[in-house]
Amino acid sequence: MAFTITMLAWSTIEFRSELTAKKEIANALSAIKWGTDYLIKAHPEPDVLYGELGDGDSDHACWMRPEDMTTRRTSYKIDDKHPGSDLAGETAAALAAASIAFRASDASYSNQLLDHAKQLFDFGRNHQGVYQSSISAAGKFYSSSGFEDELLWAAAWLHRATNEQSYLDFLSGAGNTGGTRTEFSWDDKYIGAQVFAAKLVLEGNAGNSGRMAEFKRQLEQFICSCAQKGNNNVKKSPGGLLWFQPWNNLQYTTTAAFIAIVYSNYLSAAKASIQCPGGDLQPSDLVVLARSQVDYILGSNPKKMSYMVGFGPSYPTQVHHRGASIVSIKKDPTPVSCQDGFKMWFNKNEPNPNVLDGALVGGPDANDQYTDTRQYFQMAEPATVTVAPLVGVLAFFA
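Residues numbered from 1 in each chain as written. Predicted model: local features only at pLDDT ≥ 70, side-chain atom pairs only at ≥ 80, totals over all residues. Heavy atoms only, no water.

1. Considering the pattern of salt bridges
Counted only if it meets this: Take a side-chain nitrogen of Lys or Arg and a carboxyl oxygen of Asp or Glu: if they are within 4 Å of each other, that pair is a salt bridge. Helix and strand definitions follow DSSP, with helices as H or I runs of at least four residues and strands as E runs of at least two, each counted in order from the N terminus. Each residue is placed in one exposure class: buried if its accessible area under a 1.4 Å probe, protein chains only, is under 20% of its type's maximum, exposed if it is over 50%, and partly exposed if it falls in between.
Taken as a whole and assessed by the stated rule, the structure comprises 15 salt bridges. Of the charged contacts in the structure, one is a salt bridge between Asp59 and Arg73, with a shortest N-O distance of 2.6 Å. Separated by 14 residues along the polypeptide, Asp59 in helix H4 (residues 56-60) and Arg73 in the loop between H4 and strand E2 (75-79) bring together distant segments of the chain. For Arg73, a relative accessible area of 43% translates into the label partly exposed. Ionic pairing is found between Lys189 and Glu150, a salt bridge with its closest N-O pair at 2.8 Å. Of this pair, Lys189 sits in the loop between helix H9 (165-172) and helix H10 (190-202) while Glu150 sits in helix H8 (residues 148-162), and the two are 39 residues apart along the sequence. In this structure, a network of salt bridges that share partners links the residues Glu90, Glu150 and Lys189.

2. So, the layout of surface pockets
The cut-off we apply is this: Only protein atoms enter the 1 Å grid used here. Points where a 1.4 Å probe fits but cannot escape make up a cavity, open sets with protein on both sides within 12 Å along at least five of seven lines make up a pocket, and a residue lines them when an atom lies within 4 Å of a point. Grid points are joined across faces, edges and corners, and a volume is the space filled by probe spheres set on the points. In this count, Pro and Cys sit with the nonpolar residues alongside Ala, Val, Leu, Ile, Met, Phe, Trp and Tyr, while Asp, Glu, Lys and Arg are called charged and the others, Gly among them, polar.
Taken as a whole, the second largest pocket holds about 370 Å³ of empty space. Lining the second largest pocket we find 23 residues, and of these Thr180, Gln221, Phe222, Ser225 and Asn232 sit closest to its centre. Among the elements that line the lining of the second largest pocket, the one with the most residues is helix H11 (residues 210-226), at seven residues. Class assignment for the residues of the lining of the second largest pocket results in six nonpolar, 11 polar and six charged.

3. Here's the deal with the environment of Leu200
Selection criterion: When checking whether two residues touch, look at their non-hydrogen atoms; a contact exists if any pair is within 4.5 Å.
Counting through the fold element by element, Leu200 comes out in helix H10. Given the relative accessible area of 11%, Leu200 is considered buried. Other than its neighbours up to four places away in sequence, Leu200 contacts His159, Leu168, Asn205, Ala206 and Met212.

4. Observations concerning the packing of aromatic side chains
Quick note on the threshold: Stacked, tilted and edge-to-face are the three classes assigned to paired rings of Phe, Tyr and Trp, where Trp is represented by its six-membered ring and a pair needs centres within 6.5 Å; plane angles under 30 degrees give stacked, over 60 edge-to-face, the rest tilted. Look at NZ for Lys and CZ for Arg. If either is within 6 Å of the ring centre and within 35 degrees of the ring normal, a charge sits over the ring.
By the definition in use, this model includes 24 aromatic pairs. Here Trp153 and Trp157 contribute two aromatic rings whose centre-to-centre distance is 6.0 Å and whose plane-to-plane angle is 80 degrees, an arrangement assigned as edge-to-face. One end of the pair, Trp153, and the other, Trp157, are both in helix H8, four residues apart, so they sit about a helical turn from each other. You can call Trp157 buried: its relative accessible area is 0%. Relative to Phe346, the ring of Phe342 lies with its centre 5.5 Å away and its plane at 80 degrees, an arrangement referred to as edge-to-face. In this pair, Phe342 and Phe346 both sit in helix H15 (residues 340-346), four residues apart, roughly one turn of the helix. A connected cluster of aromatic rings, assembled from ring pairs, spans Phe3, Trp10, Phe15, Trp153, Trp157, Phe184, Phe196, Phe258, Phe396 and Phe397. Lys33 extends its terminal NZ or CZ atom over the ring of Tyr109, reaching a point 4.8 Å from the ring centre.

So, in structure tokens, the structure goes:
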């Protein structure tokens, strides 16, 4: 959730005028506040953050509407004795980004968000460790690869929100800049931190040497790889989709498209370009790259299918989503039990009774093939982290 909120807030910050012109800014801020209110409640003390409700094993064993759920809602937290720097860092980034998004419309709420963000960053920095060591139930499903990237990402956002030197010092003093990454995702934030460092270099607010220059160089190598002009290019499907991983590939495609658009704006403002091993990239080239991915996702692909549910004449109908796949409680309030959900709905080879408008599924395989059945969760499962980056990209192209 935290990464979703960070990306929604970043979309709102970078493309506020576009969202305002389309009368969508209020909707964007409302979506962000839904998440930030929750995150504030999950942070009752400076060094306490609740990170999970429920249990993945028992939840996966049932196919039920959320209104019918009978599985235990056990709560799990991190604290000073049971750290989770990655979880604290990403939540700090989300709240710092949201504080910028709300600054013009609700200064009091913006300040509240920033206070929580600062506390969480200090918590994560002073009590270090990966969160699954403290919340072992989470490690089975969302294991973290490390926490250094989240702390850098949080510091970058806090510097942007406050302009305080201490956060820039943390970023520029990084012992690990991440190297050239292969993806930007809920688990890997190095590219996000690299973007902010590169922005400062391009603006002349940081020297083009040392750690900051290293961040910028590594970011641009990733972009070169996405544009097929690097030394180790991102794989592309025959139809042109950037293909990173077999499970929910589109989450990586949408973040790559977002980075391309945002960085194209930064390059344009600085009248700069990227020098790749395979040739230079102008800001306009990054826009073309992002558009090609958006067009593919929305239907310009070999299957002629939109991977955004509810958009276009053809889109996935058997989305792997409990609430969408079971009849609405408003239409039939009869409780659906844990196992009956599988028997009556999950295994039913028919379109979902509820259309999950706006959701993005995981997407096709490396050969542009998609099987529209909810059993193929790697393809059919939607996620908020997949669609959140696309908000800013679509605002840019609207």
